[in-house]
Structures are given as structure tokens and as C-alpha cells.
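For reference, the chains in residue letters:
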Amino acid sequence: MLLKGKVAVITGGAGLNGLGFATAKMMAAHGATVAILDLAQANPQAAADRLGPGHLGLVADVTDKASCEAAAAKVKAAKGRIDVLVNNAGITQPVKFLDITDADYDRILDVSLRGTLHASQAVLPTMVEQGSGAIVCISSVSAQRGGGILGGPHYSAAKAGVLGLARAMAREFGPNGVRVNCVTPGLIATDINKGKIPEDKRQSILDGIPLGRIGEPDDVAGVVLFLASDLSKYLTGVTVDVNGGMLIH
Ligand code: NAD
């Protein structure tokens, strides 16, 4: 029970095949009360119901600051505290550099990067007041290698921005007892890439992964749980690669 009595907020956690929901399940199994935040169409309440009684499902759009603040206020009112935030909401788009429109750029950066800002701003006052908290931001191998497998350059930029934002938060809020760390997943089988890996490319992708397989959501969830728990209590500002060795540096 690594998170017994803790309250964890996970953005973009409603997709049942996604990293956020896998993390929600693992955190709930480790004693946390989980609040899943997601867009209305993703049905966060239904996802929370699958975790069992006492968990929350809240509609929140991370691109909208007021929406994040309202969700954080609901969690605080219902559960009295917020110990963990997982900045997981993200979208991608496979497009070449010269084809990125301003609208594409805004859309992709608004969810991953501005969303990380908004959700973190919404929970940090509570964490500072408590004198404790752990924020885990989901970046991507794409930020480190200038492109993952499927995301465009604006996705790489958004995820690289998340690394910088998280490190700056770690520096600013360490004195308040709040730790901020990042996870950089490689290729993980979720809805974000389902059906998008061309069969003729599959083997060459696998050849580039020393552990010889595409990742599973639980591979990421375990690391997020570690970073959210006291097992990592002297870690802040770090980035943990979860990529099967796809990028070793
Ligand atoms: P996913 O599509 O299952 O999850 C993304 C979730 O974000 C969805 O539930 C979606 O509804 C939600 N979302 C989208 N826009 C939102 C908004 N404005 N406000 C709130 N929620 C919003 O995909 P996933 O693979 O589980 O992705 C989770 C995170 O992991 C993303 O940030 C993604 O970029 C990152 N990531 C995934 C991989 C991979 O290979 N799957 C690799 C590296 C990083």
C-alpha cells in the first residue's frame, strides 16, 4: 500500500486503455482515493466507477484554467486534500514540420503544455498549504529524440516544454515539500496509437527496442506510482525513461 490515505488527481485518465486509467487502477490498488479528470466525451464518471466506491470522476478540460480550478476545488471539498497530481492529458498529430498550421500548434501545445500549467496551478496552493505533494508529468521520448514514432514536431515541442516546466516547478516548490518529476514513455500500446503503426514498420520499430516489445500501460503506471509515493521521497526534477531501451543516453 504505497499511497494509503492519499488523494490522487489524474488528468486524461478516463480512457480505459490509456496510461492514465492504468495509473488510476494501480494507485487505487495501493490505497489512494483517485479523482479522474477528463473531457465529458471520455466519461470520467464511468471510469471512476470502475475503480470502486469513493473515487471521483470529474469533467475538466485542461486547456481551460477555470475548469481545472473548479475540479481541484471539488476534490478538495470532497476529500479534504490533494497529495498527488498526474499531468497525463495529451493529444498527438502525425504531421510534418512544414505542414503544421497555427491551429495545429495551438491545439497540441494547449493540451500537453498549457494543460500541465493549468492543472498544476490548480492543485499547488493545496499542496503548499499541506506542506507536501507529488506531481508527475507525462512527457515523451519524442521530447528527447526529436520525434517518437507517431507524433509531429509540435508534439515533441510540447513534451519538451513539459520537461522544462516540471523542472522549474521542482525548483520553485521543493522548499514547500512538493516534488515534481517526469516520465518519458516510449511507444506504449494505447488508443493514442492504436491502428496507427503501419505493419511494414512494426518490425523495424521492434528492432530498435532492446527489450523487444512495445510497452504496456502498466509499464508506465508502475513508474508513476513510484514517483508519486514516498519510495521516491528524495527525488525531484528527475526524468525517468520508460521506453524498453529505445533511447539510451
Ligand atoms: P489516450 O488517448 O488514451 O489518453 C489521453 C487522454 O487525454 C484521453 O483520455 C483524452 O480524453 C484526454 N484528453 C485529451 N484532451 C484533453 C483535455 N483538453 N482535457 C482533459 N483531458 C484531455 O492516450 P495515452 O497513450 O494513454 O496518453 C496519455 C499520455 O501519455 C499523453 O500525454 C501522451 O502524449 C503520453 N504518451 C503516450 C505514449 C504512448 O505511446 N501511448 C508515449 C509517450 C507519451
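See the structure above.
Student: Looking at this model, I keep getting lost on the state of the cysteines. Mind explaining?
Tutor: Here a disulfide denotes a covalent bond joining the sulfur atom of one cysteine to the sulfur atom of another. Tallying each qualifying case throughout the model produces zero disulfides. With no disulfide partner, Cys137 has as its closest neighbouring cysteine sulfur the one in Cys182, 4.7 Å distant.

Student: Just checking my understanding: could you explain the site of the ligand for this structure?
Tutor: Taken together, 28 residues lie around the ligand, and Asp38, Asn88, Tyr155, Lys159 and Thr190 are the ones closest in. Separating an oxygen atom of the ligand from a backbone N or O atom of Leu19 is a distance of 2.8 Å. Here an oxygen atom of the ligand sits 2.6 Å away from a polar atom, N or O, in the side chain of Tyr155. Here the ligand, which alone exposes 820 Å², has 91% of that area covered by the protein.

Student: Is there a simple way to explain the pairing of strand 3 (residues 56–59) in this structure?
Tutor: Remark: a regular strand shows side chains that alternate across the two faces of the sheet. The sheet contact formed by strand 2 (residues 33–38) and strand 3 spans four bridges and is parallel. Note on strand 3: the bridge partner recorded for Ala35 is Leu56. Between strand 2 and its parallel partner strand 3, the chain crosses via helix 2 (residues 44–51), and the hand of that crossover is right-handed.

Here is what the cut-offs are and how they apply
Residues numbered from 1 in each chain as written. Predicted model: local features only at pLDDT ≥ 70, side-chain atom pairs only at ≥ 80, totals over all residues. Heavy atoms only, no water. Disulfide = S-S within 2.5 Å. Near = heavy atom within 4 Å. Polar contact = N/O pair within 3.5 Å; in protein donor to acceptor, adjacent residues only side chain to side chain. Areas by Shrake-Rupley, 256 points an atom, 1.4 Å probe, with all protein chains shown as cover. Pairing = 2+ DSSP bridges. Helix = DSSP H or I, 4+ residues; strand = E, 2+ residues; numbered from the N terminus. Right-handed = clockwise from strand over helix to strand, strands pointing away.

Keep in mind that these numbers describe shape and distance, not what the molecule does.
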